[in-house]
Amino acid sequence: MPGPQMTSNLMDEVRTGLLANPRRLPPALFYDAEGSALFERITELPEYYPTRTERDILERHAADMLQEAGTDLELVELGSGSSTKTHLLIHALLSRQPDGSYVPIDVSATALKHAKSALLEAFPRLEVRPIHADYLGGLASLNHGHARRLVIFLGSTIGNFDPAQATSFLRSVRAALQPGDALLIGMDLAKAPTILIPAYDDALGVTALFNLNVLARLNRDWGADFQLEGFHHVALWNAVESRMEMHLESQARQFVRVAALDLEIALSVGERIHTENSYKFRPGVGEAILHDAGWLLERTWTDEQKWFAVHLARC
Ligand SMILES: C[S@@+](CC[C@H](N)C(=O)[O-])C[C@H]1O[C@@H](n2cnc3c(N)ncnc32)[C@H](O)[C@@H]1O
């Protein structure tokens with residue numbers, strides 16, 4: 001019954017979160033095989049501007065980004081997912097050196113597997129060495145003494161951390177690297193809620209399925225008995241915190257048991273389980289986080305509407 005990724009840390013987090021007030025679940029639960037596939041569908045939705053905006057920036061500036069990062073680079077990507085946008089960076093890398101290596105790090109084994117086969121087909125000269133681990137565990141397992149590294153962290157995944165966590169996380173990333181290594185990081189910028197909210201609550205309901213998959217996963221892997229039709233996907237803009245939030249709202253008074261945790265909870269009508277934050281960076285905020293984490297910001301690329309920024313910072 002319990003899934004292979006049920007670590008004691010994750011179990012503690014889920015138990016604490018389900019018993020908290022307000023209730024919450026850790027975003028680590030999103031990305032099993034179903035969740036990764038749903039996320040790929042989200043990236044293709046017309047409402048989900050972040051992927052295509054960041055891709056446009058990479059399409060226009062990939063060569064420049066690599067030029068700025070340095071020569072003889074190894075690419076390491078955190079939370080690489082399908083690695084689709086990374087093809088643009090790899091193409092630029094292999095246009096200027098005869099071969100190269102790419103290390104995608106992700107907690108989703110299926111995403112890594114699919115990404116690797118697509119990469120080897122597109123770039124026969126590329127060495128791909130996937131690491132199935134969390135971000136820092138993956139970085140810690142890299143062997144040192146290699147040429148300069150460019151660590152890539154796209155999709156504004158950094159926005160899933162609150163600013164203090166983001167600073168501490170980026171400090172840990174820096175500590176795992178060598179002086180001269182670089183970081184290329186995508187950050188989604190604050191914009192009108194009329195653009196933000198549909199990006200997290202699309203007309204086809206794919207984001208709702210992605211959110212509900214967290215409960216479906218607890219049912220599949222942990223013997224929980226969440227009735228999915230008893231929950232409603234809620235996406236809201238929290239202007240004070242400058243973040244999009246996703247919640248699952250109970251539509252009835254209901255009791256839920258999570259067998260693997262030997263836990264039973266009672267949810268009231270309208271009660272929410274908070275599943276994700278996506279911080280949207282106001283001017284200067286992302287730059288300040290990088291600075292506070294000890295990174296030296298070298299360059300920033302944005303789109304014409306200033307919806308998204310990609311920063312290059314040095315260790
Ligand atoms: C928002 S998606 C972004 C995917 C891709 N980088 C993009 O820009 O489209 C986040 C990715 O990070 C992975 N991920 C989430 N938490 C992680 C963690 N703690 N360690 C490693 N990977 C993680 C997920 O499996 C997923 O592929």
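You'll find the structure just up there.
Residues numbered from 1 in each chain as written. Predicted model: local features only at pLDDT ≥ 70, side-chain atom pairs only at ≥ 80, totals over all residues.

## With respect to the site of the ligand
The condition is simple: Think of it this way: take the backbone, place a C-beta atom on it, and check whether that atom is within 6 Å of the molecule or strand, in which case the residue is near it. Numbering of helices and strands starts at the N terminus; helices are DSSP runs of H or I of at least 4 residues and strands are runs of E of at least 2. When residues are sorted by character, Ala, Val, Leu, Ile, Met, Phe, Trp, Tyr, Cys and Pro go into the nonpolar class, Asp, Glu, Lys and Arg into the charged class, and all the rest, Gly among them, into the polar class.
With respect to spatial proximity, 20 residues lie near the ligand, and among them Y31, G79, G81, D134 and G155 are the closest. For the shell around the ligand, the elements supplying multiple residues, two or more each, are helix 2 (33-43) and strand 3 (100-106). Per element, the largest residue contribution to the shell around the ligand is 3 residues, and it comes from helix 2. Looking at the shell around the ligand residue by residue, the classes come out as 8 nonpolar, 9 polar and 3 charged.

## What about helix 10 (residues 285-292)?
Rule in force here: Around each residue's C-beta, the other C-beta atoms within 10 Å are counted; 20 or more make the residue buried, 12 or fewer make it exposed, and counts in between make it partly exposed. All C-beta atoms are placed from the backbone. Directions from the helix axis toward the C-beta atoms define the arc. A pair of residues counts as a contact when their C-beta atoms, built from backbone coordinates, are separated by no more than 7 Å.
Looking only at helix 10, the buried set comprises G286, I289 and L290. On an axial view of helix 10, the arc spanned by its buried residues comes to 100°, and they lie on one face. Along its buried surface, helix 10 packs onto helix 7 (163-175), strand 7 (182-188), strand 13 (296-302) and strand 14 (308-314). Looking at the residues trailing helix 10, positive phi occurs at G294, about 90°.

## Remarks on the environment of D303
When you line up the elements, D303 lands in the loop between strand 13 and strand 14. Looking at D303, the number of C-beta atoms within 10 Å reads 17, which means it is partly exposed. Linking D303 and L126, residues 177 residues apart in sequence, is a C-alpha distance of 29 Å. If we skip the residues at most four places from it in the chain, D303 touches T53, D56, I57 and F308.

## Some remarks on the packing of helix 3 (residues 49-69) against helix 4 (residues 86-94)
Our working rule: Convention adopted: a line fitted to C-alpha atoms gives each axis, helices being fitted over their contacting stretch, and angles between N-to-C directions are expressed from 0 to 180 degrees. Each angle gets one of four labels, with under 35 degrees taken as roughly parallel, over 145 as roughly antiparallel, 65 to 115 as roughly perpendicular, and the rest as oblique. In this scheme, a crossing is called left-handed if the near helix is turned counterclockwise away from the far one by less than a right angle; it is called right-handed if the turn is clockwise.
Here helix 3 crosses helix 4 at 45°, and the two axes come no closer than 9 Å. Judged on the interaxial angle alone, helix 4 and helix 3 are oblique. Handedness of the helix 3/helix 4 crossing: right-handed. Packed against helix 3, whose contacting residues are L58, E59, A62, A63, M65 and L66, the element helix 4 presents L88, L89, H91, A92 and L93 at the interface. Looking at the contact of helix 3 with helix 4 residue by residue, the class counts come to 9 nonpolar, 1 polar and 1 charged.

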